[in-house]
Amino acid sequence: MSSGRYSRAVLCGRRTLIQGSTQGVGFRPWACQTARYLGLTGSVRNVSGGVMVDAFGPARALASLGRALRDPPLVGALIESVVEADLELTGEAPSTFLIAQSESAPCDDRRAVALAPDLPTCRACLDELADPGARRHRYAFVACAHCGPRYTMVRKLPYDRDGTAMADFPLCPECAREYRTPEDRRFHAEATACPDCGPQLKLLTPSGGECARGDAALDEAIRALASGCVLAAQGVGGFHLACDASDATAISILRDRKRRPRKPLAVLVGSVLEAEKHALVTAEARVLLESAARPIVVLRRRVDSSLADAVAPGSPMVGLMLPYTALHSLLLDGFGAPLVMTSANFSGEPIAYCYEESREDLACVADAILVHDREILSPCDDSVVSPAPSGPIFLRRSRGYVPRPIRLERPLRHTILACGGEWGNTICMVHGERAWVSAHVGDMESAASVERLERTVEQWQEWLGLEPEVVAHDLHPGYESTRFARSLPVERTIAVQHHHAHMISVLAEHQMRGPALGLIWDGTGHGNDGCAWGGELLMGDAAECHRLATFRPLPLAGGERAIREPWRLALALLDDAFDGAPPLHALDLFRGLSEQRVDRVRALISAPAFAPLAHGVGRYLDAFGALLLSRPTATFQGELAQAVNFLASGRDEAAYPFDLDRSAEPWTIDLRASAREMTVDLLSGLAPSKIADRIHATLIAAGEAAIREALRGLGDTPPVVLGGGCFQNPLLVDGLERRLGGDLQVLRAIELPPGDGGLSLGQAIVADAIASAARGG
């Protein structure tokens, strides 16, 4: 429809700036098609601050376009703001509506952009993948304006092909025609390509020799999986290790090579129907599985599942995800059964993403290596979520959610970089009222992890055009993330107490300032007194907080070794509960331990220099888990705490007795009576699931008691924050929400993990408050 139909008297102009997740979601093609349908002329273009629409036509049609721009029907789009202004027409009106060349803009505008996360392969592209007559039949890099990689292939903003990894792949004539055709779903699709002009697969031997390319590489990879091999497959965010999820031998080989003896492995299934054969899929879980983020969803496993027990040894749970790339779909279709799909890295190392950098490590873990030639610019692990009655709980927030920012209640006064913690590290950059929390970086256990942290900081600073004025870090002086933060050339670095950061992170998510009561439970965090905190009730806001209550500490005999050998924690707990004379010989846990070994650890417990005190609820769960499951060792952080959670049935059981000592400063939650009665239950043969239920009931009751007592002395009733890694446990979250939610406002992490994956956001908010106070407000 031409603007010539309208006289200049009725022709109006409107300029609209749309900010949010508008780049990489097909917004420009959709806006162009919508405007043409409404008979408008003008243009749409990416700008560094979002998407700009200049439209001309009758006022009624402009109003219709304005409404549509506020609510686009696009997967991955998230509108934060829409700003409209009249646009004066000078000269002749445009003859049509088109997509104009993108514009760079000052850094302030760049920060308003929320680039879309990677998007799963759409239905139309999957149909094309399966169609023998289609140009992109079995092409592992099929994509369009509505699907494909985004975050992981972007080099710079605005989001245009020449600013992505696809700049290395000039379009062939047919792909270029699709790219220029407004009616085509590949209209301005920056990830589009075909077998003639796009990325290609290549199958390599562990030594780097080439076996096959293209379709032949895919066929050989599927044959390798069918023969029981471990395949390293390069995806959008890094390498996965894949093998037959029903083959216990193949899984055992993968575990040995990856050095991951017991930690659960994710499983890729082709559909929700397939997922229902292996797990109990609730309506909430189905929504998560099929969402655009396609996270790994932790579900209760069906007893008749054909998955090998080695997928998650000793656990009633299994982590399932649906395909989100064409390569996933091709591998599943060719193999015909679920596949283990776990990140290709040694335990404690960051995910491998570049073949040249990781070829030696990949050669150690894989029998065959499937690579491609599209550069991964931002490595990104899979996200992991656990369904809960009040909404999903993030265990890891990464692919599918990053790089969307979190909007704060008010702008911060400083540009902040927060460097996170030591486990499950993320960084956070804050400018104004937006906070960008990075993808999962990993545990700072190796030089490779620290290097990944450095790269992540450099990349986000470049993307956002930010130079931090203040750098925040954990209070622990020995953390690698702390050392890195202190090495940066900035005006000021600020140490933030671990649990204070956890509390403020949750408040920030909910756009609240405080003050609040914070029930912050985790394994370990460096306290203001130099001890290991982790079972805290705090009161305060970003500027300051006070410790009201904590758990009676347990000695860590041998320091960190007690976390890897939680029988030491169990011994310390029982000795404390039974005044040094517990019935050890009657307990299965201690029957396999020599008296000499027990005596040596007892000597450590009585020597403060060799047994630092730890207040963490996570450490209590380790001790309870060691006793309940008769497991003397743990192979990963939180293994036994997780096992106690999974063992519980969720039924209401009576809490064990405990004491809240209000004469101490801070108050002390004392579980010695709980340990004594739990020991009686163990010796009487009570079902382990009932004991696990009672442990949960005890912690819930103790947390509520401390909160209720704290509220007695307060005039106003503040919100209650649940934070820290222990609140990855849905039973603890649900129990406290039910006990407190009737008369109190209970807040928990929604957009970030409650554990250390969300720590950096809280660090940034606290650091800004401290820096502002130092400068006089």
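What you see is a predicted model; the values in this text were computed from it and never measured. (Residues numbered from 1 in each chain as written. Predicted model: local features only at pLDDT ≥ 70, side-chain atom pairs only at ≥ 80, totals over all residues. Heavy atoms only, no water.)

Remarks on helix H16 (residues 567-577)
In terms of burial, H16 is largely enclosed, as ten of its eleven residues are buried. The set of residues buried in H16 consists of Trp567, Arg568, Leu569, Ala570, Leu571, Ala572, Leu573, Leu574, Asp575 and Ala577. If you follow the buried residues of H16, they end up packed against strand E26 (554-555), helix H15 (561-564), helix H17 (588-591), helix H18 (595-605), helix H19 (617-629) and helix H21 (672-684). Asp579, located one to two residues past H16, shows a positive phi value of around 50°. (Buried < 20%, exposed > 50% of the residue type's maximum accessible area, 1.4 Å probe, protein only. Helix = DSSP H or I, 4+ residues; strand = E, 2+ residues; numbered from the N terminus. Contact = heavy atoms within 4.5 Å.)

Points about the pattern of salt bridges
By the definition in use, this model includes 55 salt bridges. Between Glu84 and Arg70 there is a salt bridge, with the nearest N and O atoms lying 3.6 Å from each other. One end of the pair, Glu84, is in strand E4 (residues 78-86); the other, Arg70, is in helix H2 (residues 59-70), with 14 residues separating them in the sequence. Under the relative-accessibility criterion, Glu84 is labelled partly exposed at 32%. Residue Glu639 pairs with Arg631 through a salt bridge whose shortest N-O separation is 3.3 Å. Via salt bridges that share partners, Glu128, Arg135, Arg136, Glu178, Arg185 and Arg186 belong to a single interconnected network. (Salt bridge = Lys/Arg side-chain N within 4 Å of Asp/Glu carboxyl O.)

Comments concerning the pairing of strand E23 (residues 516-526)
Burial within E23 is extensive, with ten of its eleven residues counted as buried. Linking two consecutive strands that pair antiparallel, namely E23 and strand E24 (residues 532-540), is a turn of five residues; a positive phi of about 85° is found at Gly530 within it. Where E23 and strand E30 (residues 720-723) come together, four bridges link them in parallel fashion. Across the sheet, residue Ile520 finds its bridge partner in E30, namely Gly723. (Pairing = 2+ DSSP bridges.)

A closer look at the pairing of strand E22 (residues 492-496)
The sheet contact formed by strand E21 (residues 470-474) and E22 spans five bridges and is parallel. Bridge pairing in E22 places Val471 opposite Thr493. Crossover connection from E21 via helix H13 (residues 480-487) to parallel E22: handedness right-handed. (Right-handed = clockwise from strand over helix to strand, strands pointing away.)

Side note on the side chain of Asp118
Tracing the sequence through the fold places Asp118 in the loop between helix H3 (107-110) and helix H4 (123-130). Summary of buried charges: Asp118 has no salt-bridge partner, and the nearest side chain of opposite charge, Arg399, is 6.3 Å away. A distance of 2.6 Å separates a polar atom in the side chain of Asp118 from the backbone nitrogen of Arg150. One polar contact links the side chain of Asp118 to the main-chain amide nitrogen of Tyr151, over a distance of 3.0 Å. Discounting chain neighbours no more than four positions away, the residues touching Asp118 are Gly148, Pro149, Arg150, Tyr151, Thr152, Val236, Ala292, Arg399 and Gly400. (Lys, Arg positive; Asp, Glu negative; His and termini not counted. Polar contact = N/O pair within 3.5 Å; in protein donor to acceptor, adjacent residues only side chain to side chain.)

Examining the sheet that holds E4
Here five strands make up an open sheet; going across it, the order is E4-E1-E3-E2-E5 and the pairing mixed. With partners counted over all chains shown, the strands left at the sheet margins are E4 and strand E5 (97-99), one partner each. Shown here is a sheet whose adjacent strand axes are inclined to one another by a mean of 15°, direction ignored. Bridge count for strand E2 (residues 41-47) against E5 is three bridges, and the pairing is parallel. (Axes fitted to C-alpha atoms, helices over the stretch in contact; angles between N-to-C directions.)

A word on the side chain of Ser674
The topology assignment puts Ser674 in helix H21. Residue Ser674 is classed as buried on the basis of its relative accessible area, which comes to 2%. Contacts of Ser674, omitting those with residues within four sequence positions, involve Tyr656, Pro657, Phe658 and Thr698.

Let's talk about the confidence of the model for the protein chain
Looking at the protein chain, pLDDT values average 93 and 97% of them are 70 or higher. The model gives residues 1-9 a pLDDT under 50, and that stretch makes ten contacts with residues more than four places away or in other chains. (pLDDT = per-residue confidence, 0-100.)

Things to note about unusual backbone geometry
Apart from glycine, the bulk of residues carry a negative phi angle, and the bulk of peptide bonds sit in the trans form. Cis geometry marks the peptide bond from Val402 to Pro403; its omega dihedral reads 20°. Within the element layout of this structure, Pro403 appears in the loop between strand E16 (393-396) and strand E17 (406-407). For the bond running from Glu665 to Pro666, omega is 0°, close enough to zero to count as cis. Looking at the secondary structure, you find Pro666 in the loop between strand E28 (659-661) and strand E29 (667-670). In the Ramachandran plot, Arg259 falls in the positive-phi region, its phi being about 60° despite a non-glycine side chain. As for its position among the elements, Arg259 is in the loop between helix H7 (248-258) and strand E10 (266-268).

Here's the deal with the environment of Glu356
Its place among the elements puts Glu356 in helix H11 (residues 355-365). In this structure Glu356 comes out as exposed when scored by relative accessible area, which is 54%. Sequence separation between Glu356 and Gly208 is 148 residues; the distance between their C-alpha atoms is 9.9 Å. One polar contact links Glu356 to Arg359, side chain to side chain, over a distance of 3.4 Å.

A few points about the sheet that holds strand E20 (residues 434-437)
Here six strands make up an open sheet; going across it, the order is E17-E20-E19-E18-E21-E22 and the pairing mixed. The two strands at the open ends of the sheet, each matched to only one other strand, are E17 and E22. Relative to the sheet, H13 contacts E21 and E22, its axis offset from that of E21 by approximately 160°.

Side note on helix H1 (residues 27-37)
One turn of the α-helix equals 3.6 residues, which is why residues spaced by three or four share an orientation. Where burial is concerned, most of H1 is hidden: eight out of the eleven residues are buried. Those residues of H1 not exposed but buried are Phe27, Arg28, Pro29, Trp30, Ala31, Cys32, Thr34 and Ala35. Of the residues one or two after H1, Gly39 is the one with positive phi, at around 80°.

Thoughts on the environment of Ile416
Tracing the chain through its elements places Ile416 in strand E18 (residues 416-418). Overall, the relative accessible area of 0% leaves Ile416 in the buried class. The residues touching Ile416, leaving out its near neighbours within four places in the chain, are Cys428, Met429, Val430, Pro468, Val470, Ala764 and Asp768.

Description of the packing of aromatic side chains
Inspection of the entire model under this criterion finds ten aromatic pairs. Ring centres of Tyr620 and Phe624 lie 6.3 Å apart, and the angle between their planes is 40°; this geometry places the pair in the tilted category. Of this pair, Tyr620 and Phe624 both sit in helix H19, four residues apart, roughly one helical turn. The exposure class of Tyr620 is buried, given its relative accessible area of 2%. Accessibility expressed as a relative area gives 4% for Phe624, which makes it buried. An aromatic cluster is defined as three or more aromatic residues linked by ring pairs; in this entry it consists of Trp521, Phe551, Tyr620, Phe624 and Phe727. (Phe/Tyr/Trp six-rings, centres within 6.5 Å; stacked < 30°, edge-to-face > 60°.)

Things to note about the packing of helix H14 (residues 498-509) against helix H24 (residues 759-774)
The interhelical angle for the contact between H14 and H24, taken along N-to-C directions, is 95°, at an axis separation of 7 Å. One way to sum up the angle between H14 and H24 is to call them roughly perpendicular. Contacts between H14 and H24 pair His498, His500, Ala501, His502, Ile504, Ser505, Ala508 and Glu509 from the former with Leu759, Leu761, Gly762, Gln763, Ile765 and Val766 from the latter. (Parallel < 35°, antiparallel > 145°, perpendicular 65-115°, else oblique.)

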